[in-house]
Each structure stands twice: as structure tokens, then as C-alpha cells.
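Close look at the chain arrangement
Letter by letter, the chains look like this.
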Amino acid sequence: MISKHSHEQSDRGEGVEVVQNEPYEDPNHGNGQLTEKRVYLNSKLPSWARAVVPKIFYVTEKAWNYYPYTITEYTCSFLPKFSIHIETKYEDNKGSNDSIFDNEAKDLEREVCFIDIASDEIPERYYKESEDPKYFKSQKTGRGQLKEGWRDTHQPIMCSYKLVTVKFEVWGLQTRVEQFVHKVVRDILLIGHRQAFAWVDEWYDMTMDDVREYEKNMHEKTNIKVCNQHSSTVDEIESHAKART
């Protein structure tokens, strides 16, 4: 569903280019999947950010999926002091494990934010009634519609716990940028998980082989939408970033 979302959000040279998607083995976490992407998003930046970045601007995303544990990192060669680190753990409960990240974040200040895919408001431009869990009803599973109090009554239920760390170590902009990024990440997580639920009938019957084939086809289609306008500019971006650094 990440592949489908990326394809929908990619247009006119902006969106997600998949650079790498292959099996990966980690000595601690075992077998998983490594994905590397370039996220082109200049037009989605606030005006004060667009003023200080190149016209063609991308963020590099690397993700290691060892389900039920994943790591995602975002960096930008143009902004070497900027990074986002997201650790995810999945558990079959309704968000009741308050200590799930105690080992990873014991020395960090944390703000706990609950995201309710049915009740929380999303930006109006992203709203689709067909993707609203309050109205969606799965034909294959019978899941939905998610009314008030659904977390206490619906089964099966799973919680995606995410530890999001944002760093932007530039004097004068640090607090503003970090707060902005946290808000953007929250909106993306809310929209993405609403879609994953509303699209359940598309993925419910898939095997892992089906998933990999779907990803491969969707990545190829998305890269065509994004990369045609960037094939001659990536080297320029990287050389410009090195000069600025």
C-alpha cells in the first residue's frame, strides 16, 4: 500500500523514485527487506524553506523492514544536519503498551501522540469518503465501519508504535523546522494508515510473492512519472550540495 500511495502522490516530476528494493539480512534482526527511495517534494515545502533549497530538491529515504520491527531514516545531502529517524514496532493490542520504547528512548524527552485513523481530522485536500474508516466496509473481511469507541470493540486490532526523532541542528531554525517536520510526519502517518485500512480488500489475499511483484510493477510505473524530469538534474543537485557543504 506504500507503493500505491507513492504512485498516487507522484506527478509532474515530484513524488517518490525507488532506487533499491531487495532482500536484506541483519545479524540482530534476521531477514528483511531494504528499500531506498528519493522523495522529490519542493512544492510541498513552506515558502521559508523553499527560499533556501535548490529548485529540484529531494530527501533520501532508507527503510529496513524486519516485520514486526522496522527502521526508516530520512536524510538530505543538501542539509547535512537534517535527519529523521523512525523506529516502528507492531503489537496486537489497542495502544496499551506504554513502555514499548523504554530501551530505545530512555534518555530522550518524549511526547506521546495517539493517532486514531477513524476520528482524527485530516487536511481537507486529502479527504476521500471511500478512504474514510467511519464509512468504509470491507467486502472480504467484514471489517469497518469504525464508529466512536471502535478501539474497544473491534477485533482483530493491531497498533503501530512509532518512535520519531527529528534533528535539524541549525541555529535560528532548529525549533521551527523540527516542529514543522513532526506535524508533517503525523499527517502522513494518519493518511497512510487510513488508506491501508480502506484498501484492505486489495491486499488481503496477497502472498509475499504477490506483494513483491506488485511492488516491482508499481515502482516501475512511479519511476516513469517522477524520473523523466530529473534524469539530468540529480548530478547537479549533488554537486551543488557538496559546494554548499
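Described in the following lines is the structure provided in the data block.

Thresholds applied
- Residues numbered from 1 in each chain as written.
- Predicted model: local features only at pLDDT ≥ 70, side-chain atom pairs only at ≥ 80, totals over all residues.
- Heavy atoms only, no water.
- Phe/Tyr/Trp six-rings, centres within 6.5 Å; stacked < 30°, edge-to-face > 60°.
- Helix = DSSP H or I, 4+ residues; strand = E, 2+ residues; numbered from the N terminus.
- Buried < 20%, exposed > 50% of the residue type's maximum accessible area, 1.4 Å probe, protein only.
- Salt bridge = Lys/Arg side-chain N within 4 Å of Asp/Glu carboxyl O.

By the definition in use, this model includes three aromatic pairs. With 5.1 Å between their ring centres and 40° between their planes, Tyr 67 and Tyr 90 make a pair best called tilted. Of this pair, Tyr 67 sits in the loop between strand 3 (58–66) and strand 4 (69–75) while Tyr 90 is found in strand 5 (residues 82–91), placing the two residues 23 residues apart along the sequence. Owing to a relative accessible area of 54%, Tyr 67 belongs among the exposed residues under this scheme. Seen in terms of ring centroids, Phe 82 and Phe 168 are 6.2 Å apart; in terms of plane orientation they differ by 70°. Their pairing is edge-to-face.

Before going further, it helps to examine the pattern of salt bridges. Inspection of the entire model under this criterion finds twelve salt bridges. We note a salt bridge from Glu 61 to Lys 37, for which the minimum N-O separation is 3.9 Å. Of this pair, Glu 61 sits in strand 3 while Lys 37 sits in strand 2 (residues 30–40); the two residues are 24 residues apart in sequence, bridging distant segments of the chain. Its salt-bridge partner being Asp 120, residue Arg 186 comes within 2.8 Å of it at the nearest N-O pair. Taken together, the residues Arg 186 in helix 4 (residues 174–198) and Asp 120 in the loop between strand 5 and helix 3 (150–153) connect sequence positions 66 residues apart.

Such coordinate-based values are descriptive only and should not be taken to indicate function.
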